[in-house]
Structure formats: C-alpha cells, structure tokens
Amino acid sequence: MRTVSLAFISLLAACGTSVTADPGLGNEGGDTSDIPGADGGALTPVEAEACTKMDIVFVVDESGSMSEEQSNLAANFPLFFDIIENYQNEDGAPLDYRIAVTTTGRDVDYTMKLPAPFGTELAMSETGDNGSFRQECGMNRPWIERGDADVKSTFSCLAQVGTNGPALEMPLYALELGFSDRMSDGTNGDFLREDALLAVVILTDEDDCSRSDNNFVIENDQCAADDPAFLSVDHSLAFLDNLKGDRGRWASAVIAGPNDCESSFGSAYG
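Residues numbered from 1 in each chain as written. Predicted model: local features only at pLDDT ≥ 70, side-chain atom pairs only at ≥ 80, totals over all residues. Heavy atoms only, no water.

1. Examining the overall build of the protein chain
Step number 1: When helices and strands are tallied, the protein chain shows six helices and 10 strands.
Step number 2: Looking at the protein chain as a whole, 47% of its 270 residues qualify as buried.
Step number 3: The long-range fraction of contacts in the protein chain, counting pairs at least 24 apart against all pairs at least 6 apart in sequence, stands at 78%. (Helix = DSSP H or I, 4+ residues; strand = E, 2+ residues; numbered from the N terminus. Buried < 20%, exposed > 50% of the residue type's maximum accessible area, 1.4 Å probe, protein only. Contact = heavy atoms within 4.5 Å.)

2. Some thoughts on the state of the cysteines
Step number 1: A full pass over the atoms with the stated rule returns one disulfide.
Step number 2: Here C137 is linked by a disulfide to C157, with a sulfur-sulfur distance of 2.0 Å. The sign of the -80° torsion about the S-S bond sets the C137-C157 disulfide as left-handed. Of the two residues, C137 is situated in the loop between strand 4 (121-126) and strand 5 (144-145) and C157 in helix 3 (residues 151-158); the sequence distance between them amounts to 20 residues. (Disulfide = S-S within 2.5 Å.)

3. Concerning the sheet that holds strand 4
Step number 1: Strand order across the open sheet formed by three strands is 4-3-7, with mixed pairing between neighbours. Lying at the two open borders of the sheet, with one neighbouring strand each, are strand 4 and strand 7 (216-219). Within the sheet, the average angular offset between the axes of one strand and its neighbour, ignoring direction, is 30°.
Step number 2: Here strand 3 (residues 108-113) pairs with strand 7 via four bridges, running parallel. (Pairing = 2+ DSSP bridges. Axes fitted to C-alpha atoms, helices over the stretch in contact; angles between N-to-C directions.)

4. Points about the nonpolar core
Step number 1: Ranked by internal contacts, the top residues of the largest apolar core, which has 28 residues, are F58, I99 and F155.
Step number 2: Looking at this core, the elements with two or more residues in it are strand 1 (53-60), helix 2 (67-86), strand 2 (96-103), helix 3 and strand 6 (197-203).
Step number 3: No other element matches helix 2, which puts six residues into this core.
Step number 4: Setting aside chain neighbours within four positions, we find F155 in contact with F58, L73, F77, I99, V101 and I144. (Core = buried A, V, L, I, M, F, W, Y, C linked by side-chain atoms within 4.5 Å.)

5. So, the packing of helix 2 against helix 3
Step number 1: Between helix 2 and helix 3, the shortest axis-to-axis distance is 9 Å and the interhelical angle comes to 145°. Regarding helix 2 and helix 3, the two cross each other, and that crossing is right-handed. For the pair helix 2 and helix 3, the contacting residues are L73, A74, F77, P78, F81 and D82 in the first and V151, K152, F155 and S156 in the second.
Step number 2: Tallied by class, residues from the contact of helix 2 with helix 3 come to seven nonpolar, one polar and two charged. (Left-handed = near helix turned anticlockwise from the far one by under 90°. Nonpolar A, V, L, I, M, F, W, Y, C, P; charged D, E, K, R; others polar.)

6. Brief notes about helix 4 (residues 171-179)
Step number 1: Here helix 4 lies mainly inside the structure; nine of its nine residues are buried.
Step number 2: Residues of helix 4 that are buried in the fold lie against strand 1, strand 2, helix 5 (181-184), strand 6 and helix 6 (233-244).

7. Comments concerning the packing of aromatic side chains
The relation between two aromatic rings is expressed through the spacing of the ring centres and the mutual angle of the planes.
Step number 1: In this structure the tally under the stated criterion is five aromatic pairs.
Step number 2: Between the aromatic rings of F133 and F191, the centroid separation amounts to 5.1 Å while the plane-to-plane angle is 70°, which identifies the pairing as edge-to-face. Residue F133 is found in the loop between strand 4 and strand 5, and its partner F191 is found in the loop between helix 5 and strand 6; the two are separated by 58 residues along the sequence. Each member of the pair, F133 as well as F191, carries the same accessibility label: buried. (Phe/Tyr/Trp six-rings, centres within 6.5 Å; stacked < 30°, edge-to-face > 60°.)

8. Some remarks on the sheet that holds strand 5
Step number 1: Here we have five strands laid out as an open sheet, ordered 5-2-1-6-8, and mixed in their pairing. On the outer flanks of this sheet lie strand 5 and strand 8 (250-255), each paired with one strand and no other.
Step number 2: As judged from the seven bridges shared by strand 1 and strand 6, these two strands associate in the parallel manner. Bridge pairing in strand 6 links M54 to L197.

9. So, the pattern of salt bridges
Step number 1: Going through the model one piece at a time under the given rule, you end up with 14 salt bridges.
Step number 2: E145 serves as the salt-bridge partner of R98, at 3.5 Å between the closest nitrogen and oxygen. One end of the pair, R98, is in strand 2; the other, E145, is in strand 5, and 47 residues separate them in sequence.
Step number 3: With a shortest N-O distance of 3.8 Å, R134 and E136 are connected by a salt bridge.
Step number 4: Put simply, E62, D129, R134 and E136 are held in one network by salt bridges that share partners. (Salt bridge = Lys/Arg side-chain N within 4 Å of Asp/Glu carboxyl O.)

10. Describing the environment of N130
Step number 1: Turning to its location among the elements, N130 is positioned in the loop between strand 4 and strand 5.
Step number 2: The sequence separation of N130 and L175 amounts to 45 residues, and the corresponding C-alpha distance is 8.6 Å.
Step number 3: Excluding residues that lie within four positions of it along the chain, N130 makes contacts with G105, R106, D107, L177 and R182.
Step number 4: Within polar-contact distance, the side chain of N130 engages the backbone nitrogen of D107 at 2.8 Å. (Polar contact = N/O pair within 3.5 Å; in protein donor to acceptor, adjacent residues only side chain to side chain.)

That is the geometry; function is a separate question.
Next up, the structure:
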C-alpha cells in the first residue's frame, strides 16, 4: 500500500521550520477559540531547531476487519526504518527515535441498537489496551529505539496487534489515554521526552468514535457526528498542543480508507 509508505515519509515533516493551522487531524467545527491558529491563518513559525529526537506512536485498529492493513503496515515498515535510520539533520547528527504501538480500543460497556430487520438492542462489553503501549516480541520496555537489536523484525511483530479487539474504535482517545493516564500510572514509562518532536500515525478502517463516558447507547456500530458525547477533533488538537507546548512540536499521519468497503470480514465505513 503506497499510502502507508507516504504516511511514514511525511512524519519527517515535523523537522520543518514552520507550521500551519492544520497539522493533519483536520477541523470539524466547534469552539476553537483556545486553539492556536484555529482561525485558518498560519501559526507563527517556530525557530528552526536541529531535529535530533523524535518520539513516534502508532495507534493501530485491532477490530475484525484489520488483518490485511496490519500485514501491510508490517511489510512497509522496513522502508520507513531505512529512512529514519539514515536521516541526518543539518548538523549531520542521526535521528534519536523511539517507536511505540498501542491500539484503538478501551474498556467500555454500551448498548448497540441494531437496524431493521433485526430491530433489537445488543449489550456490548469490550476490553482494550486503554492507551497502553504494547511490550511484546521480546521487548524489555514498552517501546523500541535506535540501537536496539533487530528493530525491523520487532516492529513487524509488534504491528500485528490482532483482530479480536473492540469494534468501537477510539484512536484519538486511546492516544490521549496513552499520554495521560498511562503516563501517570507508569504503564508507558518515560517514553515521552520533553525535547523530542512527537509523531503520531493512526491506522484504521473506521470512523473515530472517541468518547470518555460509559454505558451509552449508539445506533448500529457507527458514530453520530452531531452527538456531543463524542470527543471532537478540536479537543484532540488542543490536547496535543498542550502536551508538546507548541503546534510545531508534533505531527500526525492518518491512514484510513476514503470509502465504505466490504470484505469477508465485514463492513467498514470510510
């Protein structure tokens, strides 16, 4: 999938010297008064810095229709790895990177109203990673970094998160949990470095259904864009801005299908 490779490469744009009003997550309306650059104009360019450190987080959908996408992510990682391994900043220094993987699910109970002809309600209870960075595949910490043995194989193993996770995908809230609750309770260790740029890659085949409440009711398995319970993109933008202190200190890439699709694993909504 060419899109995967392009998304990887685009993360190095975080090493640039200027930023714009929309770094990749977009804007879906709502109150933007407290978000820098939300009026549509360019943000004030940050002073150029030598890009020496980058913390990279992959948020991977682990629902039932994601097998092919996860395999493609693992297959395309060697290209990304070669790029970041060989990258040098203007001072000739290599990139000091860290890479972590979490998934789009969290622990949640809800009721799903099924469409006709089913005409019934289905009680759902799902268990997810809640933003925890995965420590598997022989890892001795919840991330991999420059200098680790066989980074390519470790990530290719780590990217195969499985397809038995929650059907209600919440990548943006999972990311928020990873950098709030999972940092404060020590689960994700000291992954996030104050002096490093942050890069986020989200891989999913469904709409984001991020919300922090529990025991709610939804129609089918889709998110209602006008439901105030769902966390807005503006909320996530503000969270990441506050996390890194500046819009120019983080970047994102979203790999998602643009259209509805069907397969033997079920339906996905673009």
